[in-house]
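Listed below, chain by chain, are the residues.
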Amino acid sequence: MSLGKKLLWIAVTLLGLGSIAILALSRGEQINALWIVVAGLCAFAISYRFYSKWLASKVLLLNDERATPALVQNDGKDFVPTNRWMVFGHHFAAIAGPGPLVGPVLAAQFGFLPGTLWILIGATMGGGVHDMIVLFASVRRRGKTLGQMVKDEIGRGVGALALISVLAIMIILLAVLALVVVQALAKSPWGVFTIAMTIPIALLMGAGLRSGLLNVSWITAFGIVGLFFAVWGGQFLGDFPALEAWCRHSDRWLAWAIMTYGLAASILPVWMLLTPRDYLSTFLKIGTVAALAFAVVLIHPPLQMPALTKFIDGTGLVFAGPVFPFVCITIACGAVSGFHSLIASGTTPKMLERESRIRDIGYGAMITEMMVALMAMIAACVIQPGEYFAINTKGTPTQVVAKVSAAGFPITESQMADLAHNLGEQTMFNRAGGAPTFAVGMAHMFARVSASPTALALWYHFAIMFEALFILTTIDAGTRVGRFLLQDLLGNLWRPLGNTRSWIANSFASMLLVAAWGWFLYQGVIDPLGGINTLWPLFGLANQLLSVVALCLGTTLLIKMGKARYLFVTVLPLIFMCIVTFSAGYMKIFSPDPNLGLLASARFALQKSLQAADASAAAVLVRQATMYRVDIFVAATFLILVLLIVLGSVAEWCRLLAGRKRLELHESEFVPLAEVAAG
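Residues numbered from 1 in each chain as written. Predicted model: local features only at pLDDT ≥ 70, side-chain atom pairs only at ≥ 80, totals over all residues. Heavy atoms only, no water.

Visitor: Now, about the packing of aromatic side chains: what can you tell me, with residues and values included?
Guide: If you walk through the whole model with that rule in mind, you get 22 aromatic pairs. Their ring planes at 25° and their centres at 6.1 Å tell us that tryptophan 54 and phenylalanine 568 sit as a pair that is stacked. Highlighted residues: tryptophan 54 in helix H2 (residues 34-59) and phenylalanine 568 in helix H24 (residues 568-590), separated in sequence by 514 residues. The partly exposed category is assigned to phenylalanine 568, whose relative accessible area is 41%. Seen in terms of ring centroids, phenylalanine 228 and tryptophan 232 are 6.4 Å apart; in terms of plane orientation they differ by 5°. Their pairing is stacked. (Phe/Tyr/Trp six-rings, centres within 6.5 Å; stacked < 30°, edge-to-face > 60°. Helix = DSSP H or I, 4+ residues; strand = E, 2+ residues; numbered from the N terminus. Buried < 20%, exposed > 50% of the residue type's maximum accessible area, 1.4 Å probe, protein only.)

Visitor: Which residues make up the state of the cysteines, and what are the values?
Guide: All chains considered together, the criterion is met by zero disulfides. Between cysteine 381, a free cysteine, and cysteine 328, which holds the nearest cysteine sulfur, the sulfur-to-sulfur gap is 16 Å. By relative accessible area, cysteine 381 is classed as buried at 0%. Of the cysteine sulfurs around cysteine 654, a residue in no disulfide, the closest is that of cysteine 552, at 12 Å. (Disulfide = S-S within 2.5 Å.)

Visitor: Just give me the short version of the pattern of salt bridges, but keep the residues and values in it.
Guide: A side chain with one charge may pair with a side chain of the opposite charge, provided their charged atoms come close. Applying the stated rule across the entire model yields 10 salt bridges. The partner of aspartate 78 in a salt bridge is arginine 483, with the nearest N and O atoms 3.5 Å apart. Here arginine 483 lies in helix H21 (residues 455-491) and aspartate 78 lies in the loop between helix H3 (69-72) and helix H4 (84-95), a separation of 405 residues in the sequence. Across this residue pair, the class does not change: aspartate 78 and arginine 483 are buried. Beyond isolated ion pairs, a larger network of salt bridges with shared partners links Arg66, Arg140 and Glu355. (Salt bridge = Lys/Arg side-chain N within 4 Å of Asp/Glu carboxyl O.)

Visitor: Requested: an account of helix H6 (residues 112-140), with residues and values cited.
Guide: The end-to-end C-alpha separation of H6 is 40 Å, in line with the 42 Å expected for 29 residues at 1.5 Å each. At alanine 123, H6 shows its maximal kink, close to 50°. Looking one or two residues beyond H6, the residue adopting positive phi is arginine 142, at roughly 55°. (Expected span 1.5 Å × (residues − 1). Bend = angle between axes of the 7 residues up to and from the residue.)

Quick look at the structure:
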């Protein structure tokens, strides 16, 4: 590296450290949101340029002379060599679910500093490593899933536990994601119209690219133009009452529609719907986030939320729990996410044409998602803290205003009424969940660039649609990956069911999986007090437990590759995530605070049922107590399964490092790329 380049990278490093120092040390004054963007861009550049390159060249030894599974097993359905940018688009769209949008918004109740630091450190040192090493492992093992690889590399007993736990967690995650989409679209004809239009556009893109008559540049141009008109045209639905009525569906109808879409995305060839639609969605995702970053640079809004709030002690109005470990549990996909390991060992490794692209897609997509999470943090922190807490606190308007004002963030009902009117909504009370808050912050920044009096409402509804699109692309890829996991499990019972080349086996497994997460989704839709809604607090915990399983696999692989001197790469994130997940799980079950602990919540609900004024109110409270017990069972089961996987992995590492077991790496035979190219 030349002296000029060295000086440039030193300057970038100092700028990034200086930005973090300003965010961390400034007190008693408002901080410009631009410092978060600068810190993120510097971390992005340095970690990708140096750390990911070191991982690729020294630790994993990526080799473009090896043919990938997409080339060796090309079957036109699941294993399909695909353009690198379309693979990146698919992978990014699949991993970037609600976590990088909703998680940072909820974690903003602690202040902007804890979440920002965890996003920067977690994504570059943990999440990028996690995603990259799982993608590498799957590419070297003929596109095998996470559960299969755990069974092959760590042991059959641990592998069986991994298959069961990963599949169970996957069903919960997909149901929760689908419920978020249903809730976002149930009141948004514009969102339904835009998302519905992406399906025929994607089918045309897939057909055009598959035909070979058009190259990826023309297909991309067609997709961008089509997406622009789908987004832009949604605002004019009011001029066409019949079309608007078709797009204004009930939440039950939308639940069935999402199940149908997930089934189609799982069964149809990957080139036909899944890849082009995710690629198309990525333009809107990255384009919107880039526009948001540009808006921050242009208007440099001050961060209204303090660096740290009083709620770091666990008494938060948005959710209960101390800043550690719950900032790490709440911000999942934006830093370290186990769901990524399912995509990295599911659809993506079956489409890669070169091993070198593992770095671009595994690590690159993760730190791109880091920037999304930082934009979400900014969106939550540029609005008035009183408005933020009032939107996310449950209760009647009078109760919410009193509670938020007493906490030191003054707000009035008239202020909230004005906010709702400007956004084109009837009320902004009881809009918890993070998505509406992100939309408000995003709308405020975009509206400041425009002088139109209706800009705030327009951008707010655009943001709601954008979030629904963001999450839906995780559901389609997740369902396909879940089908692979289910076929792994069913194949142990009857071998033909595990054959991913069989349309019958694929369809059967897809219907079983969609029926599983669809049942939880429908229960959540028809019964807001039961079903999947009660499992929402477990979403982050289940997601992070998956990352523990994936990092156990990564550590085992490094030992078997003879790379024990590099074990810190996976062991340090693994130890940290074990501390985070198991401490959070213990608190979630056993905390005496009924706002946090599930056992305490169940007891409190039963006590209130005995004091209820009428039988119907008592029945509702008894049902709540029952569902809290279900939560306890689910959380305890996940924690025990993952703990057994960790203990089994540690025992395997000890045998390998002590030399009592032969180092045997279960990977596919080396197939030279030239041999595949020659036919």
